[in-house]
Structure formats: structure tokens, C-alpha cells
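In case you want the letters, here they are:
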Amino acid sequence: MEWKDGKKRCRWVNPKNEIYLRYHDEEWGVPVHDDHQLFEMLILESFQAGLSWECVLNKREAFRAAFDGFDLAKVCDYDEEKMAALRENPGIIRNKLKIRAAVNNARIFREIQKEYGSFSNYLWHWTCETVLHETDVVSSPLSDQISKDLQKRGMKFVGTVIIYSYLQAVGVIDSHEEGCFKARGTKE
């Protein structure tokens, strides 16, 4: 594929979607250690279940507004009234189970922070550095382990495929395709 700027990218990037293009170039696969960013991405990835990431990404700003900027303390305090209001918000994915899971997962995220000092410490304790993986897989032994642990703790919508996507998004797993200007060993 020919890109306007001459850079080669992963095949999944939609060249007609500037949001998606920026996401690939600036975020995807970059190691994240900030709990606020890790929380946002975990919530967004859980809403992706059964949908395309591009769909979720296009609604990201609406999600940020609806979920109070992904303020963990506020999301943890959401009650039935707030969850009902979220189900009425046309800017986000209004799946009742996913909204309820987001609030539940926020509370468990906070418990993990208390246990490990930060969610970042928890996430990165599984591996000390970014792991390179094949580009055409949807899960790995690492995503299996983390998914199983999160489910044991009570999180929902954190199956191994979602967690694999999450790990790619936050840079625990690097799956940039060979030839992509972001792939390890490739110079811009």
C-alpha cells in the first residue's frame, strides 16, 4: 500500500481514518506505565468485544466524556443511575453488560493498585520488557495467564483475545508487522 507520507504501516491501519492512523503511529505498541492510561485502555478494550477496534477508537472522545475522563475514583463510585445514563448515551457503545463490567473492573483495578502499588507494577510483573510476537495471532500464553488471573479476581470482558489486544495496545506485546516503520529494527 502506498501511504501519502511514504511510511509503511501495518496492514490493519485504515489510511482513510486519521484517528486510526495517529493511533497506530503514536500509541499502539508504545510501552505504557501510567495507570490512568492503562485504565482507559482496559475499559476501551473491554468495549471492543465483538466489535472492531476502529469502531471503539472513533468513539474514544465520547467515552472520555461519558466516563469522566476515565477518572478511576469516579468510575468506581458509579451507581445504577449513572449506569442507566450511560446506556442512554448515543456517543458510546451502550451495552448494559459492558457498562456494568466497566464499573466492576474499575473497582478491581483499584484493588490491584492497592496490592501491587500500581496497576502498572501488576501488568509489567508478568514480563520485564516488551515481548515480540507474531502479527497474525490473537492470543498467547502471556495473555492466557493475565486473562485467567483477572477473571479469577472478578473482572469481566477480559478474555484472552481482549487481553492480547490490550497488551498490544499498551506495549507489553509488540506486534508491528515486518516492514512497518514502527517495527523494531526499522528506521524511520
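Residues numbered from 1 in each chain as written. Predicted model: local features only at pLDDT ≥ 70, side-chain atom pairs only at ≥ 80, totals over all residues. Heavy atoms only, no water.

A. Representation of the nonpolar core. Residues Phe-67, Phe-119, Leu-123, Tyr-166 and Leu-167 are the most contacted members of the largest nonpolar core, which totals 56 residues. Discounting residues that sit within four places of it in the chain, Leu-167 has contacts with Leu-123, Leu-142, Ser-143, Ile-146, Val-172 and Ile-173. (Core = buried A, V, L, I, M, F, W, Y, C linked by side-chain atoms within 4.5 Å. Buried < 20%, exposed > 50% of the residue type's maximum accessible area, 1.4 Å probe, protein only. Contact = heavy atoms within 4.5 Å.)

B. Local environment of the packing of helix H9 (residues 141-153) against helix H10 (residues 160-169). It is at 8 Å that the axes of H9 and H10 come closest, and there the two elements cross at 115°. Our classification of the angle between H9 and H10 gives roughly perpendicular. For the pair H9 and H10, the crossing hand works out as right-handed. Along the contact surface, H9 presents Leu-142, Ser-143, Asp-144, Ile-146, Ser-147 and Leu-150, while H10 presents Thr-160, Ile-163, Tyr-164 and Leu-167. Class assignment of the residues belonging to the contact of H9 with H10 gives a composition of six nonpolar, three polar and one charged. (Axes fitted to C-alpha atoms, helices over the stretch in contact; angles between N-to-C directions. Helix = DSSP H or I, 4+ residues; strand = E, 2+ residues; numbered from the N terminus. Parallel < 35°, antiparallel > 145°, perpendicular 65-115°, else oblique. Left-handed = near helix turned anticlockwise from the far one by under 90°. Nonpolar A, V, L, I, M, F, W, Y, C, P; charged D, E, K, R; others polar.)

C. Representation of the layout of surface pockets within the structure. One number sums up the size of the largest pocket: a volume of about 490 Å³. Of all the secondary structure elements, the ones that give two or more residues to the lining of the largest pocket are helix H1 (18-26), helix H2 (35-48) and H10. Here the element with the most residues in the lining of the largest pocket is H10; it accounts for six residues. Here the residues of the lining of the largest pocket are counted per class, giving 14 nonpolar, six polar and four charged. (1 Å grid on protein atoms, 1.4 Å probe; cavity = no way out; pocket = protein on both sides within 12 Å on 5 of 7 lines; lining within 4 Å. Points joined across faces, edges and corners; volume = space filled by probe spheres on them.)

D. Here's a closer look at the UniProt feature "binding site: Zn(2+)" (unreviewed entry) in the chain. Look at the UniProt record and you will see "binding site: Zn(2+)" (unreviewed entry) annotated at Cys-10, His-24, His-176 and Cys-180. Taking the farthest pair of C-alpha atoms as the criterion, the annotated set spanning 171 residues converges on one region, since that pair is 10.3 Å apart. Lining the largest pocket, from the residues just named, are Cys-10. Structurally, the position occupied by Cys-10 is in the segment before H1. With residues up to four places along the chain from it excluded, the contact list for Cys-10 reads Trp-3, His-24, Trp-28, His-176, Glu-177 and Cys-180. Structurally, the position occupied by Cys-180 is in the segment after strand E2 (173-174). Of the residues examined, Cys-180 reaches a relative accessible area of 1% and is grouped as buried. (UniProt positions renumbered as here; feature names shortened; annotations may be inferred.)

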